[in-house]
Amino acid sequence: MSDRPRVLLIGLDGFSPDLTAQWIEQGHLPHLAMLQEQGYLGALRGVTPPVTYPAWTTCVTGVNPGRHGITDFTISLPGNYGIRFLNSTDRQVPALWNILSSLGKRVCILGVPATYPPEAVNGIMLSGFDSPVADRLDPSYVYPPELFSQVSQWPFSLFQEHRISSRWYEEALALLEKKIAVQEEIGCRLLQQEAWDLFMIVLNEADTVSHHFWQLEDTASPRHDPEITAPDSPILRIYRRLDEAVGRFIDAFDDPGLVLVVSDHGFGGAGVQALHINNYLEACGWLSYKKASQGILKKAALRWVPMRLRGTLFRRFQRLVESLESRARRGGIQWDKTRAWSDELDYCPAIRLNVAGREGKGIIPPEQYASSVSELCALLEKLPGVARAVPRDTVYKGAFADRAADIFLELDWSTGYRASVIRKRGGAAVEVLQPEAYKGGKEQGCAGVHRNPAFLASSRPLTRKNPAMEDIAPAVLSWLGITYEGMEGKSFLESQVQEETVCPADWIKASEKKYTEEEESLLEKRMKALGYFE
Ligand SMILES: [Zn+2]
């Protein structure tokens, strides 16, 4: 116990306020129920679109993604239709740990997405699941590095493959539970090590289980297969285990200070409708595909290569031409005849305009940008399954907004389920998926998908309704007696101490680090296993 204010901030990636309310009512989540009695539990207004990196970064900076610059896992490279992965050095504003460290406060920050490479904080930082760490001997995700031996068991992703069989489900669940246990053990140990001013830990198992197991939990889901009955209630099982972890963290914190439990977005189920956005753009005359001959020619050429050389050649060929995410997303499009295209990412349906001067072969004159966006939004809202087309500039405001796509799609939830966005070159724009397609689990969208609102629980009552993601950082600072002027959000708590106003001053942004090709392909693989890229 300490006589100065302290904060325990627990992040549960993808934790849904609806599922939580239902399961608290049934008595399954006693520790979260306790927080509900003490203060608040319910919805948190999320960022649009509900994507992990931008949402967590808004949570810890108090500003919208257009200002902090972490707009997704990846951004477009100017000029050549390539993409690269973002990392912590791409963040343009200080996070809670930078502000607190500069004021001499002690912080321990574990597993927050988009924090690799770790920053030199006044305390400890372990980067999130985005750390490109291939083996257990690599201490690059730890600050200070000397701490490595104490935390070398920290798990990133235990999923090797996205393989769907009833045994796979049981094994995957057991791995998720094991992962929570290891994070809980390391978290509690570090939490008890000293009286941190801010201790923050993010666990992402609720997100993983919801992506892959939604159709088992939700027997009303159009993707539910009555023949697969095991494991029983997999999402509830992980929520109960996470509730237990929340209880252990609160015990280890052992302080009357502030406890917040936050998620970056909630979850919902996918239906059986598939949207192929690029096919729609093609049908509307906004996009042209290349003729499909090239791939066949390359396959034919490979046939003449002696067998013993094929392995090496194929690996190189694969890396250069096929395996890179940017190729998969953007291959097959005839750029000089395309005004707009989609990367067709199911977790973040969005459209980009092919703007002259910005894209390598852009054809939309910059002065026609605004009119093209509104014309295209009207067209996209006619696509079945789409509720609303949101121009980026209405939700992202700031100097880095243009890292994101130009239009976000909000899909229609009126049936209780939304369509899946699936990458396809040519053919119909809307299809109904057959059971054989989504049972395989590959290339057919995940059964569970991100959905707003996000989740918040607080051990202290809120002073106002309708809290939002950008209010979390100001609330944490206010509890610690600090008002930071650079934030967009406002605290929703009554501060217990006299607040001191701090101006955005001497935070020096780390110089930008780019990932190597190996690091990028490792991240790509991990994110596929977690249910992001297909
Ligand atoms: Zn997430």
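Residues numbered from 1 in each chain as written. Predicted model: local features only at pLDDT ≥ 70, side-chain atom pairs only at ≥ 80, totals over all residues.

S.K.: Looking at this structure, I do not really get the sheet that holds strand β12 (residues 350-353). What am I missing?
M.R.: Strands belonging to one sheet form pairs held by backbone hydrogen bonds; the direction of such a pair is parallel or antiparallel. Taken in spatial order, the 4 strands make up an open sheet running β11-β12-β14-β13, and their pairing is antiparallel. Bordering the open sheet on either side are β11 (340-341) and β13 (386-391), each of which pairs with just one other strand. (Pairing = 2+ DSSP bridges. Helix = DSSP H or I, 4+ residues; strand = E, 2+ residues; numbered from the N terminus.)

S.K.: Help me understand unusual backbone geometry in this model?
M.R.: Leaving glycine aside, a negative phi is the common case for residues, and trans is the common case for peptide bonds. Residue Pro117 is bonded to the preceding Tyr116 through a cis peptide linkage, with omega at -5°. The omega torsion of the bond from Tyr143 to Pro144 falls at -5°, within 30 degrees of zero and hence cis. Turning to its location among the elements, Pro144 is positioned in the loop between β7 (142-143) and α6 (148-151). One non-glycine residue with positive phi stands out, namely Ala114, at about 65°. Within the secondary structure, Ala114 sits in the loop between β5 (107-112) and β6 (123-127). The class of Ala114 is buried, set by 25 C-beta atoms lying within 10 Å. The phi torsion at Glu344 lies on the positive side, around 50°, for a residue other than glycine. Structurally, the position occupied by Glu344 is in the loop between β11 and β12. (Buried ≥ 20, exposed ≤ 12 C-beta atoms within 10 Å, placed from the backbone.)

S.K.: Can you walk me through the packing of helix α2 (residues 30-38) against helix α9 (residues 234-253) in this structure?
M.R.: The angle between the axes and the distance between the axes are what describe a pair of packed helices. One can describe the packing of α2 onto α9 by two numbers: an axis separation of 7 Å at closest approach and a directional angle of 60°. One way to sum up the angle between α2 and α9 is to call them oblique. Contacts from Pro30, His31 and Leu32 of α2 reach α9 at Asp243, Val246, Gly247 and Ile250. Tallied by class, the residues present in the contact of α2 with α9 amount to 4 nonpolar, 2 polar and 1 charged. (Axes fitted to C-alpha atoms, helices over the stretch in contact; angles between N-to-C directions. Parallel < 35°, antiparallel > 145°, perpendicular 65-115°, else oblique. Contact = placed C-beta atoms within 7 Å. Nonpolar A, V, L, I, M, F, W, Y, C, P; charged D, E, K, R; others polar.)

S.K.: Would you explain the confidence of the model for the chain in this entry?
M.R.: Interpretation of this model should avoid reading the predicted coordinates in detail wherever pLDDT is low. For the chain, the mean per-residue pLDDT works out to 87, and 88% of the residues sit at or above 70. Low pLDDT, under 50, characterises residues 296-323; the stretch is placed with 7 contacts to residues that sit more than four places away or in other chains. (pLDDT = per-residue confidence, 0-100.)

S.K.: Help me out: how do you make sense of the environment of Arg526 in this one?
M.R.: Assignment of secondary structure puts Arg526 in helix α18 (residues 517-530). In this structure Arg526 comes out as buried when scored by C-beta crowding, with 20 C-beta atoms within 10 Å. For the pair formed by Arg526 and Asp130, sequence separation is 396 residues and the distance between their alpha carbons is 8.3 Å.

S.K.: Quick question: what am I supposed to make of the nonpolar core here?
M.R.: Counting 143 residues, the largest nonpolar core has Ile109, Leu198 and Val476 as the members making the most contacts within it. If you tally residues by element for this core, the top one is α9, at 8 residues. A domain-level breakdown of this core finds at least three residues from each of domain 1 (7-265 + 452-530) and domain 2 (271-290 + 331-449). (Core = buried A, V, L, I, M, F, W, Y, C linked by C-beta atoms within 7 Å. Domains from an automatic or database assignment.)

S.K.: It is not clear to me how helix α8 (residues 205-217) should be interpreted in this structure. Could you clarify?
M.R.: In an α-helix there are 3.6 residues to a turn, and that puts residues three or four apart on one side. The end-to-end C-alpha separation of α8 is 15 Å, well short of the 18 Å expected for 13 residues at 1.5 Å each. Along α8, the sharpest kink reaches roughly 55°, centred on His211. Counting buried positions along α8 yields 13 of 13 residues, so the element is predominantly enclosed. (Expected span 1.5 Å × (residues − 1). Bend = angle between axes of the 7 residues up to and from the residue.)

S.K.: Would you mind showing me how to read the sheet that holds strand β1 (residues 7-12) here?
M.R.: One open sheet accounts for 8 strands, arranged β2-β18-β9-β1-β8-β5-β6-β7; its pairing is mixed. In this open sheet, the two strands that pair with only one neighbour each are β2 (40-44) and β7. For β5 and β6, the ladder comprises 5 bridges, and the chain directions are parallel. If you follow Leu110 over to β6, its bridge partner there is Leu126.

S.K.: Honestly, the pairing of β6 in this entry has me stumped. Any pointers?
M.R.: Along β6, 5 of the 5 residues are buried, which leaves the element largely enclosed by surrounding structure. Of the strand pairs in this sheet, β6 and β7 are connected by 2 bridges, and their pairing is antiparallel. When the bridges of β7 are listed, Met125 appears paired with Tyr143.

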